[in-house]
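Single-letter residue listing:
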Amino acid sequence: MATPVVTKTAWKLQEIVAHASNVSSLVLGKASGRLLATGGDDCRVNLWSINKPNCIMSLTGHTSPVESVRLNTPEELIVAGSQSGSIRVWDLEAAKILRTLMGHKANICSLDFHPYGEFVASGSQDTNIKLWDIRRKGCVFRYRGHSQAVRCLRFSPDGKWLASAADDHTVKLWDLTAGKMMSEFPGHTGPVNVVEFHPNEYLLASGSSDRTIRFWDLEKFQVVSCIEGEPGPVRSVLFNPDGCCLYSGCQDSLRVYGWEPERCFDVVLVNWGKVADLAICNDQLIGVAFSQSNVSSYVVDLTRVTRTGTVARDPVQDHRPLAQPLPNPSAPLRRIYERPSTTCSKPQRVKQNSESERRSPSSEDDRDERESRAEIQNAEDYNEIFQPKNSISRTPPRRSEPFPAPPEDDAATAKEAAKPSPAMDVQFPVPNLEVLPRPPVVASTPAPKAEPAIIPATRNEPIGLKASDFLPAVKIPQQAELVDEDAMSQIRKGHDTMCVVLTSRHKNLDTVRAVWTMGDIKTSVDSAVAINDLSVVVDLLNIVNQKASLWKLDLCTTVLPQIEKLLQSKYESYVQTGCTSLKLILQRFLPLITDMLAAPPSVGVDISREERHCPLYRLHKCRLCYKQLKSISGLVKSKSGLSGRHGSTFRELHLLMASLD
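Rules behind the numbers
Residues numbered from 1 in each chain as written. Predicted model: local features only at pLDDT ≥ 70, side-chain atom pairs only at ≥ 80, totals over all residues. Heavy atoms only, no water. Helix = DSSP H or I, 4+ residues; strand = E, 2+ residues; numbered from the N terminus. Buried < 20%, exposed > 50% of the residue type's maximum accessible area, 1.4 Å probe, protein only. Contact = heavy atoms within 4.5 Å. Lys, Arg positive; Asp, Glu negative; His and termini not counted. Salt bridge = Lys/Arg side-chain N within 4 Å of Asp/Glu carboxyl O. Polar contact = N/O pair within 3.5 Å; in protein donor to acceptor, adjacent residues only side chain to side chain. Phe/Tyr/Trp six-rings, centres within 6.5 Å; stacked < 30°, edge-to-face > 60°. Pairing = 2+ DSSP bridges. Axes fitted to C-alpha atoms, helices over the stretch in contact; angles between N-to-C directions. Parallel < 35°, antiparallel > 145°, perpendicular 65-115°, else oblique. Left-handed = near helix turned anticlockwise from the far one by under 90°. Nonpolar A, V, L, I, M, F, W, Y, C, P; charged D, E, K, R; others polar. Patch = residues over 30% accessible without salt bridge, like charges linked within 9 Å, V, L, I, M, F, W, Y side chains within 5 Å. Areas by Shrake-Rupley, 256 points an atom, 1.4 Å probe, with all protein chains shown as cover.

Enquirer: Help me get a handle on the overall build of the chain, residues and values and all.
Expert: Of regular secondary structure, the chain possesses twelve helices and 29 strands. Among the 661 residues that make up the chain, the fraction classed as buried is 47%. When contacts within the chain are restricted to residue pairs at least 6 apart in sequence, those whose partners lie at least 24 apart make up 58%.

Below, the structure written as structure tokens:
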């Protein structure tokens, strides 16, 4: 009797080179789970069919990198926002530009389509939220309330509300009919990256860089529960279609949560790194992640994932006591959304009678149509996905089949594959071993591969290090096999040098830690600076950045010169840490610095020497910080023209430093 084949619970489906330059945004079609749209620094929006190597359509027209993309529910329209603040809407069936929307003063961070009407919501780094009518090509309403960049927007399932998440640590709920804010949900201690409505109940989930997921009751406008201890910043969450659980795409894992009470049902290890978007189709969860110009897709078999009932132990937090589930978790606990009554099974777009109604005649429209193009690069896939919707079909639409799961590796290999991949995962090729087939990597636009000027924070191999240097050279097949001692001696090449470097760094960190345990943050930072090793400074700042209350004015005078060095580093992780620290300093201390320097000196007031010392000391520190910030502002301004995430960050810093001029 044949042994049944054990298949994988999670696996990598495909990897593609999606753009000629870095990928800056992507989104999955939630209805089909098969359509993928990517936006890049090359100012293009490319459309792909999951698990197919070739680009279906490439949309042009933007003149700056595409920062945000979104598909509407029927997957017939796509909207893309750029770094310059412009928004373009394309009709995928007609393969042409539909609208160009202008009005934001900074890059677009978030977009969403209204579930029923032809409306689009946009959130920008200029802190504004705008609601657009696609048919009339105009801004219907502007919502003000956030103080920092709006990172995520979601319409409620009934289309009456709009939820927004921002870098100011808040979630806000807006009433579209009244045109005003209904409620604000404070509680997060870091930027809020994502919000998601429950598909049925009056419940909202939010995920933040503070590594927590919070659930909010939309009847009582209060927190229901909070899940803490996520392995990293929460960037992607998705409710199960029936609303039984919430999926969180974590670093190299998928976690399944309940909220009343808060509990973890299951943890599935997936080597997808920082997953950017999730979708569900055919009892499979599709996850996509991007790094530089590459986009990878992954599949998790949800039939083998625990979604209700028994609570799974979190392998990271196994020591925490687990709450007991509710007696009847299937019963709804709060109100259910009332959808608009329709005669069709899905929301329908408003059909225009003529081309003149679809596009209002103007010279600007004509120019947009000439500059914006939809280049169909794969006619067969395009006809299969979009064209059948234009004609009446007498047969039911063909359903997509689930992706076949590959067989599980042997026990030893499976155990090794289940480990989450670290940020720097070095894989050395071994001669004379059978190479397993890999998913094809296909480039839509071939580009010469060169060593990057900025070394990315996440990469599959170290830059500048050749694995072949540590392996015996294979000369001819007839050569006698290498002796083990010779092979080991060659593998150890350079190992002693690396050990010296790591030992030195460990010693330096121990020195800083000894000062830190005494409770003197300023002295510990001074000791890290005195060591003259930027890697130690970065490690320390990554800790201090997580708690804004640790920052003091005298600490800024020590850190600012180091930040200037970090911003000029070739390592992306160093630049990110420097930007985060500079942003904290500007938000907390720049108003104080400018107010102190603008205040007139006290004349003719008789105060004691002790009372005089504190404000004079603070004034001296403010002058020192101001001088250092002025020095950094020129560097920030020069880098604000960069494309991609770095450019967006430097532009935001440049806006914060405007009061220095």
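Enquirer: Please set out the side chain of Arg-263 residue by residue, giving values where relevant.
Expert: Note that Arg-263 resides in strand β25 (residues 262-269). Glu-262 is the oppositely charged side chain nearest to the buried, salt-bridge-free Arg-263, at an N-O distance of 7.4 Å. A distance of 3.3 Å separates a polar side-chain atom of Arg-263 from the backbone oxygen of Glu-260. Of note is the side chain of Arg-263, whose polar atom sits 2.5 Å from the backbone oxygen of Pro-261.

Enquirer: So, the packing of aromatic side chains: which residues are in play, and what are the values?
Expert: Scanning the entire structure with this criterion turns up nine aromatic pairs. Here Phe-185 and Trp-216 contribute two aromatic rings whose centre-to-centre distance is 4.9 Å and whose plane-to-plane angle is 35 degrees, an arrangement assigned as tilted. Of the two residues, Phe-185 is situated in strand β17 (residues 180-185) and Trp-216 in strand β20 (residues 213-217); the sequence distance between them amounts to 31 residues. Of the two residues, Phe-185 and Trp-216, both sit in the buried class. For the ring pair Trp-272 and Tyr-298, a centre distance of 6.3 Å and an interplane angle of 90 degrees mean the geometry is edge-to-face.

Enquirer: So what's going on with the sheet that holds strand β24 (residues 253-259)? Residues and values would help.
Expert: An order of β22-β23-β24-β25 is seen for the four strands of this open sheet, with the pairing classed as antiparallel. Two strands bound the open sheet, and with one partner strand each, they are β22 (237-239) and β25. Taken over all neighbouring pairs, the strand axes of this sheet differ in orientation by 25 degrees on average, direction set aside. Here β22 pairs with strand β23 (residues 246-250) via three bridges, running antiparallel. Within β23, the position partnered with Val-237 by the bridge is Ser-248.

Enquirer: Tell me what's going on with the environment of Arg-211, and back it up with residues and numbers.
Expert: Residue placement: Arg-211 occurs in the loop between β19 (203-208) and β20. Apart from residues no more than four positions distant in its own chain, Arg-211 is found in contact with Ile-227, Glu-228, Gly-229, Glu-230, Pro-231, Gly-232, Pro-233, Val-234 and Gln-546.

Enquirer: Kindly report on the packing of helix α8 (residues 534-544) against helix α10 (residues 572-598), identifying the contributing residues and their values.
Expert: Packed helix pairs are characterised by how far apart their axes lie and by the angle those axes make with each other. Between α8 and α10, whose axes approach to 10 Å, the crossing angle comes to 45 degrees. Taken together, the axis directions place α8 and α10 in an arrangement best described as oblique. Handedness of the α8/α10 crossing: left-handed. Seen from α8, the contacting residues are Leu-534, Ser-535, Val-538, Leu-541 and Asn-542; seen from α10, they are Tyr-574, Thr-577 and Ser-581. Grouping the amino acids of the contact of α8 with α10 by side-chain chemistry returns four nonpolar, four polar and no charged.

Enquirer: So what's going on with a nonpolar patch on the surface? Residues and values would help.
Expert: Residues Met-498, Val-501 and Leu-502 make up a contiguous nonpolar surface patch of roughly 290 Å² in combined accessible area. Within the fold, Met-498 resides in helix α6 (residues 495-516).

Enquirer: Give a detailed account of the packing of α8 against helix α9 (residues 553-567), specifying residues and quantitative values.
Expert: In the contact formed by α8 and α9, the axes pass within 11 Å of each other and the chain directions differ by 120 degrees. The angle between α8 and α9 places the two elements in the oblique class. Crossing angle aside, the handedness with which α8 passes α9 is left-handed. Within the contact between the two elements, α8 uses Leu-534, Val-537, Val-538, Leu-541 and Val-544 and α9 uses Leu-555, Val-559, Gln-562, Lys-565 and Leu-566. Of the residues in the contact of α8 with α9, the class split is eight nonpolar, one polar and one charged.

Enquirer: Run through the sheet that holds β17, naming residues and quoting values.
Expert: Here four strands make up an open sheet; going across it, the order is β14-β15-β16-β17 and the pairing antiparallel. In the strand order of this sheet, the two ends are held by β14 (150-155) and β17, each with one partner. For this sheet the average axis-to-axis angle between neighbouring strands, irrespective of direction, equals 20 degrees.

Enquirer: Please set out the pairing of strand β7 (residues 77-82) residue by residue, giving values where relevant.
Expert: For β7, the buried fraction is high: six of the six residues fall into the buried class. The alternating pattern of β7 places Leu-77, Val-79 and Gly-81 on one face and Ile-78, Ala-80 and Ser-82 on the opposite face, and all of these are buried. Judged from the five bridges that link them, strand β6 (residues 66-71) and β7 form a sheet pairing that is antiparallel. The residue bridging Leu-71 from the neighbouring strand is Ile-78, located in β7. Relative to strand β8 (residues 87-91), β7 is paired through five bridges, and the arrangement is antiparallel. Considered in β8, the bridge of Gly-81 is made with Ile-87.

Enquirer: Let's hear about unusual backbone geometry: which residues, and what values?
Expert: A cis amide bond links Glu-260 to the next residue, Pro-261, at an omega of -5 degrees. Within the secondary structure, Pro-261 is located in the loop between β24 and β25. Here the phi dihedral of Asp-252 falls at roughly 65 degrees; this positive angle occurs in a residue that is not glycine. Even without being a glycine, Asp-283 presents a positive backbone phi close to 60 degrees.

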